[in-house]
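If you want the building blocks of each chain, they are given just below.
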Amino acid sequence: MNEQRIRIGLIGAGRFARGTLLPLLRGRGIDLRGVVTQRGTSARATAEQFGFRYKASDPEELFGDPEIDAVIVATRHRSHATLAAKALRAGKAVLVEKPFT
């Protein structure tokens, strides 16, 4: 049987994502592809800590990456709906870490 890994992109690497979401994904056979943050330093630190393949500051890089199956939106609430809609239009599955506002 050929086991396929789910390939994830993360938008937002704040305290909740780094302290709760990402540790839960570790060791579950998930391929952490790309992480996007507004500041490059937090993207770099998160990529290094959790093993993301690349880091970026523009969510469009994740939406346009054919190697990403699903996007986790872990940003401030006001951006959830817009980012989730863009990810869905790009054909990605979406997990929003908190309710839409």
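Anyway, here's the lowdown on the structure attached to this text. (Residues numbered from 1 in each chain as written. Predicted model: local features only at pLDDT ≥ 70, side-chain atom pairs only at ≥ 80, totals over all residues. Heavy atoms only, no water.)

## Points about the overall build of the protein
Here is step 1 of the chain: Check the secondary structure of the protein and you find four helices and five strands.
Here is step 2 of the chain: Start at the N end of the protein and walk to the C end: the helices and strands fall as β-α-β-α-β-α-β-α-β.
Here is step 3 of the chain: For 101 residues, the compact-globule estimate of 2.2 N^0.38 gives 13 Å, and the protein sits close to it at 13 Å.
Here is step 4 of the chain: Expressed as lengths along the three principal axes of its C-alpha atoms, the size of the protein is roughly 40 × 30 × 20 Å.
Here is step 5 of the chain: By residue count, 42% of the 101 residues in the protein fall in the buried class.
Here is step 6 of the chain: Long-range contacts, defined here as pairs at least 24 residues apart, represent 52% of the contacts in the protein between residues at least 6 apart.
Here is step 7 of the chain: Per element, the accessible surface of the protein, about 6,200 Å² overall, is 49% carbon and sulfur.
Here is step 8 of the chain: In the protein, 17 side chains carry a positive charge and 10 a negative one; their mean positions are 8 Å apart. (Helix = DSSP H or I, 4+ residues; strand = E, 2+ residues; numbered from the N terminus. Rg over C-alpha atoms; globule rule 2.2 N^0.38 Å. Buried < 20%, exposed > 50% of the residue type's maximum accessible area, 1.4 Å probe, protein only. Contact = heavy atoms within 4.5 Å. Areas by Shrake-Rupley, 256 points an atom, 1.4 Å probe, with all protein chains shown as cover. Lys, Arg positive; Asp, Glu negative; His and termini not counted. Charge placed at Lys NZ, Arg CZ, Asp CG, Glu CD.)

## Quick notes on the nonpolar core
Here is step 1 of the chain: By size, the foremost hydrophobic cluster in this structure holds 16 residues, and its most contacted members are Leu10, Leu22, Leu32, Val35, Phe52, Ile72 and Ala74.
Here is step 2 of the chain: Of all the elements in the fold, those that place two or more residues in this core are strand S1 (6-11), helix H1 (15-25), strand S2 (30-36), helix H2 (40-50) and strand S4 (70-73).
Here is step 3 of the chain: The greatest single-element share of this core, amounting to four residues, is contributed by H1.
Here is step 4 of the chain: What Val35 contacts, discounting residues up to four positions off in sequence, is Leu10, Ala13, Ala43, Thr46, Ala47, Phe52, Tyr54, Lys55, Ala56 and Leu62. (Core = buried A, V, L, I, M, F, W, Y, C linked by side-chain atoms within 4.5 Å.)

## Things to note about H1
Here is step 1 of the chain: Restricting attention to buried positions, one finds in H1 the residues Ala17, Leu21, Leu22 and Leu25. All buried residues of H1 lie within an arc of 90° about the axis, which places them on one face of the element. Seen from the buried face of H1, the exposed residues on the opposite side, beyond 90 degrees, are Arg15 and Gly19.
Here is step 2 of the chain: Of the surrounding elements, those touching the buried residues of H1 are S1, S2, H2 and S4. (Arc of directions from axis to C-beta.)

## Observations concerning the pattern of salt bridges
Working definition: two side chains of opposite charge can pair if their charged atoms are close together.
Here is step 1 of the chain: Across all of its chains, the model carries four salt bridges by this definition.
Here is step 2 of the chain: Note that Asp69 and Arg7 form a salt bridge whose closest N and O atoms lie 2.8 Å from each other. Here Asp69 is found in the loop between helix H3 (60-63) and S4, whereas its partner Arg7 is found in strand S1, with 62 residues between them in sequence.
Here is step 3 of the chain: Owing to a relative accessible area of 28%, Asp69 belongs among the partly exposed residues under this scheme.
Here is step 4 of the chain: Note that Arg53 and Asp31 form a salt bridge whose closest N and O atoms lie 2.9 Å from each other. (Salt bridge = Lys/Arg side-chain N within 4 Å of Asp/Glu carboxyl O.)

## Considerations on the environment of Ala56
Here is step 1 of the chain: Tracing the sequence through the fold places Ala56 in strand S3 (residues 54-56).
Here is step 2 of the chain: Sequence-wise, Ala56 and Arg15 are 41 residues apart; in three dimensions their C-alpha atoms are separated by 18 Å.
Here is step 3 of the chain: If we skip the residues at most four places from it in the chain, Ala56 touches Val35, Val36, Thr37, Ala43 and Glu61.

## Here's the deal with the packing of H1 against H2
Here is step 1 of the chain: In the contact formed by H1 and H2, the axes pass within 12 Å of each other and the chain directions differ by 35°. Between H1 and H2 the crossing geometry is right-handed. Here H1 contributes Arg18, Leu22 and Pro23 to the contact with H2, which in turn contributes Thr46, Gln49 and Phe50.
Here is step 2 of the chain: Residues of the contact of H1 with H2, tallied by class, amount to three nonpolar, two polar and one charged. (Axes fitted to C-alpha atoms, helices over the stretch in contact; angles between N-to-C directions. Left-handed = near helix turned anticlockwise from the far one by under 90°. Nonpolar A, V, L, I, M, F, W, Y, C, P; charged D, E, K, R; others polar.)

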